[in-house]
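Notes for the structure review
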Amino acid sequence: MLDDGVGLRTVDGKLGHASTNTTTTVYSNLLKSAEAKTAGIMENRLTNLKNITIDKNKKQAK
């Protein structure tokens, strides 16, 4: 679930863990993978946003 982007609290509840600390400890390797995946997604979206803004500014300058 974590690898598919389901939030930690949701996974925690579905697995019946007493706290997110349990989930974090048991599945820390997957959390690292999810962090890397999230960072890549954020980088792509911010790059796209930057490109849209640059294109918009170029059009307004004409």
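Everything below is about the structure shown above.
Before going into details, it helps to say that this report is about the structure given with it. (Residues numbered from 1 in each chain as written. Predicted model: local features only at pLDDT ≥ 70, side-chain atom pairs only at ≥ 80, totals over all residues. Heavy atoms only, no water.)

Quick look at the overall build of the protein
This is how it is decided: In this text, helices come from DSSP runs of H or I with a minimum length of four residues, and strands from runs of E with a minimum of two, each type numbered from the N-terminal end. A radius of gyration in this sense is built from C-alpha atoms; the matching globule rule multiplies 2.2 Å by the number of residues raised to 0.38. Note on areas: Shrake-Rupley, 1.4 Å probe, and residue coverage restricted to the protein chains presented here. The charged-residue count follows a simple rule in which Lys and Arg add positive charge and Asp and Glu add negative charge, with His and chain termini not counted at all. For this purpose, a charge sits on NZ of Lys, CZ of Arg, CG of Asp or CD of Glu.
A tally of helices and strands in the protein yields 3 helices and 0 strands. The linear arrangement of helices and strands in the protein, starting from the amino end, is α-α-α. The C-alpha atoms of the protein give 18 Å as radius of gyration, which overshoots the globular expectation for 62 residues (11 Å, by more than 25%). Reported as C-alpha extents along the three principal axes, the dimensions of the protein are approximately 60 × 20 × 15 Å. Per element, the accessible surface of the protein, about 5200 Å² overall, is 54% carbon and sulfur. Where the 10 positive side-chain charges of the protein centre and where its 6 negative ones centre are 11 Å apart.

Considerations on the side chain of Thr23
Let me state the cut-off plainly: Only protein chains enter the accessibility calculation, which uses a 1.4 Å probe; a residue whose area is less than 20% of its type maximum is buried, one above 50% is exposed, and one in between is partly exposed. Definition of a polar contact: a pair of N or O atoms within 3.5 Å, with one able to donate and the other able to accept a hydrogen when the atoms are protein atoms, and with sequence-neighbouring residues admitted only if both atoms are side-chain atoms. What makes two residues a contact is simply this: any of their non-hydrogen atoms within 4.5 Å.
Take Thr23: it is sitting in helix H2 (residues 20–26). A relative accessible area of 0% means that Thr23 is categorised as buried. Side-chain polar atoms of Thr23 contact the side chain of His17, separated by 2.6 Å. With residues near it in sequence (within four places) discarded, Thr23 still touches Leu8, Val11, Asp12, His17 and Ser28.

What about a nonpolar patch on the surface?
The condition that has to hold: Patch membership needs two things, relative accessible area over 30% and no salt bridge, and members are linked within 9 Å if like-charged or within 5 Å if nonpolar (Val, Leu, Ile, Met, Phe, Trp, Tyr). Between Lys or Arg on one side and Asp or Glu on the other, a salt bridge is scored when a side-chain nitrogen of the former is within 4 Å of a carboxyl oxygen of the latter.
There is a patch of nonpolar side chains on the surface, built from Met1, Val6 and Leu15 and spanning about 230 Å² of accessible area. On the accessibility criterion, Leu15 (38% relative accessible area) is partly exposed.

What about the side chain of Asp12?
In this fold, Asp12 is placed in helix H1 (residues 8–15). Although Asp12 lies buried, it forms no salt bridge, and the closest oppositely charged side chain, Arg9, sits 6.7 Å away as judged by the N-O distance. For Asp12, the contacting residues outside a window of four places in its chain are His17, Ser19, Thr20 and Thr23.

Points about the environment of Leu15
Within the secondary structure layout, Leu15 lies in helix H1. The spatial distance from the C-alpha of Leu15 to the C-alpha of Glu35 is 20 Å, given a sequence separation of 20 residues.

Some thoughts on the environment of Leu31
With respect to the helices, strands and loops of the structure, Leu31 is situated in helix H3 (residues 28–61). Sequence separation between Leu31 and Leu2 is 29 residues, and the spatial gap between their C-alpha atoms is 6.9 Å. Apart from residues no more than four positions distant in its own chain, Leu31 is found in contact with Leu2, Leu8 and Thr24.

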